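# Secondary and tertiary structure notes
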Amino acid sequence: MNKTALITGASSGIGLELARIFAKNKTDLVLVARSENKLTALSKEIINSTGVKVKVISKDLSVLNNCIDLANELRNENITIDYLINNAGFGNLGFFTDTDLQKEIEMINLNITALTYFTKIYAKEMKLRGAGKILNVSSTAAFQPGPLMAVYYATKAYVLSFSEALANEFNGTGVTITTLCPGPTESGFLSAANMNNTKLVKGRKLPTSAEVALFGFNAMMNGKTVAVQGLMNKIGAQSSRFLPRKFVTSVVRKIQETR
Ligand SMILES: NC(=O)c1ccc[n+]([C@@H]2O[C@H](COP(=O)([O-])OP(=O)(O)OC[C@H]3O[C@@H](n4cnc5c(N)ncnc54)[C@H](OP(=O)(O)O)[C@@H]3O)[C@@H](O)[C@H]2O)c1
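Here's a quick rundown of the structure. (Residues numbered from 1 in each chain as written. Predicted model: local features only at pLDDT ≥ 70, side-chain atom pairs only at ≥ 80, totals over all residues.)

## Focus on the overall build of the protein
Along its length, the protein carries 9 helices and 7 strands. Its C-alpha atoms give the protein a radius of gyration of 18 Å, near enough to 18 Å, the size a compact globule of 259 residues would have. Relative to its 259 residues, the protein shows a buried fraction of 42%. In the protein, the share of contacts with a sequence separation of at least 24, taken over all contacts with a separation of at least 6, comes to 70%. (Helix = DSSP H or I, 4+ residues; strand = E, 2+ residues; numbered from the N terminus. Rg over C-alpha atoms; globule rule 2.2 N^0.38 Å. Buried ≥ 20, exposed ≤ 12 C-beta atoms within 10 Å, placed from the backbone. Contact = placed C-beta atoms within 7 Å.)

In structure tokens form, the structure reads like this:
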């Protein structure tokens, strides 16, 4: 019998590419995002090319009750989750006084609350079975504060800190928790966050979502705790540990400004 992966944010970018990789590795899928049409198109492509089972669930995961409904639906259908990929997330560029509070509350609900909820439900079940893997998608944003994207950077710092702590708690249980930290990546994320004209990304050749997804998949399968994608991102993440925090924050401010 195939194992099953639950992937949030599977309708585009890194989540979509992770779905293709899991399917190629003969894993059945539960694909979640809001865009039902995109999920259905992806599920048809995957079923035709690999023959694995795919269940599509269209939900807004920034609403906790929708996360609870989703977990109940899977439980009622006796679907066991062997791999949990908490990938859905978004950001938003702008001065904190100018940005929309409602959007930021939704960001916290999605990037933090939904991720924590699904981890709670499935990590417990995995621990009882003594097997399972969780991939929580954070960002290189997790390693320092992010002026002009203050809430987003803080949500990703939460994901990193939370997941590293759990990785330690789950040592020796047969369950692994991996945090994927991509840097800027080609996907729908940058335009959704209004970041295309920032110095951080404009004119730069970025890794594709497929490259980042494969890197994350391998890290998860190898039970790595923290996986920073790309050499420059690794150097950036390490250097923010020993450089003065105020200096690092001012550098982030500069690269988040538009060209
Ligand atoms: N791309 C980058 O530069 C970058 C860098 C570092 C970290 N990341 C992280 O990587 C993860 C994946 O992002 P991506 O780059 O692949 O971006 P993306 O192409 O914009 O994909 C985001 C996914 O999340 C889903 N999503 C957004 N809001 C949702 C909601 N309220 N409920 C359910 N699903 C929702 C989207 O689907 P629907 O719109 O259909 O709901 C989509 O499938 C995110 O956590 C992001 O923070 C990205």
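## Thoughts on the nonpolar core
Ile-7, Ala-10, Ala-19, Leu-29 and Leu-31 are the most contacted members of the largest nonpolar core, which totals 68 residues. Among the elements that take part in this core, helix 4 (residues 101-129) stands out by supplying 8 residues, more than any other. Other than its neighbours up to four places away in sequence, Ile-7 contacts Gly-15, Leu-18, Ala-19, Leu-29, Leu-31, Val-32, Ile-85 and Asn-87. (Core = buried A, V, L, I, M, F, W, Y, C linked by C-beta atoms within 7 Å.)

## Re the packing of helix 1 (residues 13-24) against helix 2 (residues 36-50)
The geometry of helix 1 relative to helix 2 is characterised by a closest axis approach of 10 Å and an angle of 20 degrees between their N-to-C directions. It follows that helix 1 is roughly parallel to helix 2 by the angle criterion. Seen along the crossing, helix 1 lies across helix 2 with a hand that is right-handed. Of the residues in helix 2, those touching helix 1 at Leu-16, Ala-19, Arg-20, Ala-23 and Lys-24 are Leu-42, Ile-46 and Thr-50. Residue composition of the contact of helix 1 with helix 2, by class: 5 nonpolar, 1 polar and 2 charged. (Axes fitted to C-alpha atoms, helices over the stretch in contact; angles between N-to-C directions. Parallel < 35°, antiparallel > 145°, perpendicular 65-115°, else oblique. Left-handed = near helix turned anticlockwise from the far one by under 90°. Nonpolar A, V, L, I, M, F, W, Y, C, P; charged D, E, K, R; others polar.)

## Section: the sheet that holds strand 1 (residues 4-8)
Read from one edge of the open sheet, 7 strands run 3-2-1-4-5-6-7, paired in parallel fashion. Two strands close off the open sheet at either side, each with one partner strand: strand 3 (54-58) and strand 7 (226-228). Strand-to-strand, the axes of this sheet are offset by a mean angle of 15 degrees, without reference to chain direction. Taken strand by strand, helix 2 contacts strand 2 (28-33) and strand 3, and its axis lies near 175 degrees from that of strand 3. Where helix 5 (residues 150-169) meets the sheet, it contacts strand 5 (132-137), strand 6 (175-181) and strand 7, and its direction lies at approximately 155 degrees from that of strand 6. (Pairing = 2+ DSSP bridges.)

## Focus on the site of the ligand
Close contacts around the ligand come from 30 residues, with Gly-9, Gly-13, Arg-34, Ser-35 and Gly-89 the closest. Looking at the shell around the ligand, the elements with two or more residues in it are helix 1 and helix 6 (189-192). For the shell around the ligand, the class distribution of residues is 13 nonpolar, 14 polar and 3 charged. (Near = placed C-beta within 6 Å.)

## So, helix 4
An ideal rise of 1.5 Å per residue puts 42 Å on 29 residues; helix 4 measures up with 41 Å between its terminal C-alpha atoms. Within helix 4, the axis deviates most sharply at Asn-109, by approximately 30 degrees. Along helix 4, the residues that are buried comprise Met-107, Asn-109, Leu-110, Asn-111, Ala-114, Leu-115, Phe-118, Thr-119, Ile-121, Tyr-122 and Met-126. In this structure, the buried residues of helix 4 make contact with strand 1, helix 3 (64-76), strand 4 (83-86), strand 5, helix 5 and strand 6. (Expected span 1.5 Å × (residues − 1). Bend = angle between axes of the 7 residues up to and from the residue.)

## A few points about the pairing of strand 2
Across the 6 residues that make up strand 2, a large majority, 5, are buried. Across 5 bridges, the pairing between strand 1 and strand 2 is parallel. Bridge pairing links Ala-5 to Leu-29 in strand 2. Between strand 1 and its parallel partner strand 2, the chain crosses via helix 1, and the hand of that crossover is right-handed. Read as a crossover between parallel neighbours, the route from strand 2 over helix 2 to strand 3 is right-handed. (Right-handed = clockwise from strand over helix to strand, strands pointing away.)

## Here's the deal with the packing of helix 1 against helix 7 (residues 209-221)
At a minimum axis separation of 8 Å, helix 1 and helix 7 run at an interaxial angle of 60 degrees. Taken together, the axis directions place helix 1 and helix 7 in an arrangement best described as oblique. Regarding helix 1 and helix 7, the two cross each other, and that crossing is right-handed. Residue-level inspection shows Gly-13, Ile-14, Leu-16, Glu-17, Leu-18 and Ile-21 of helix 1 in contact with helix 7, the latter providing Ser-209, Ala-210, Val-212, Ala-213, Leu-214, Gly-216 and Phe-217. A per-class count over the contact of helix 1 with helix 7 returns 9 nonpolar, 3 polar and 1 charged.

## What to know about unusual backbone geometry
Most peptide bonds are trans, and most residues other than glycine sit at a negative phi. Non-glycine residue Asn-78 carries a positive phi angle of around 55 degrees. Within the fold, Asn-78 resides in the loop between helix 3 and strand 4. The residue Leu-148 is not glycine, and still its phi comes out positive at about 80 degrees. In this structure, Leu-148 sits in the loop between strand 5 and helix 5.

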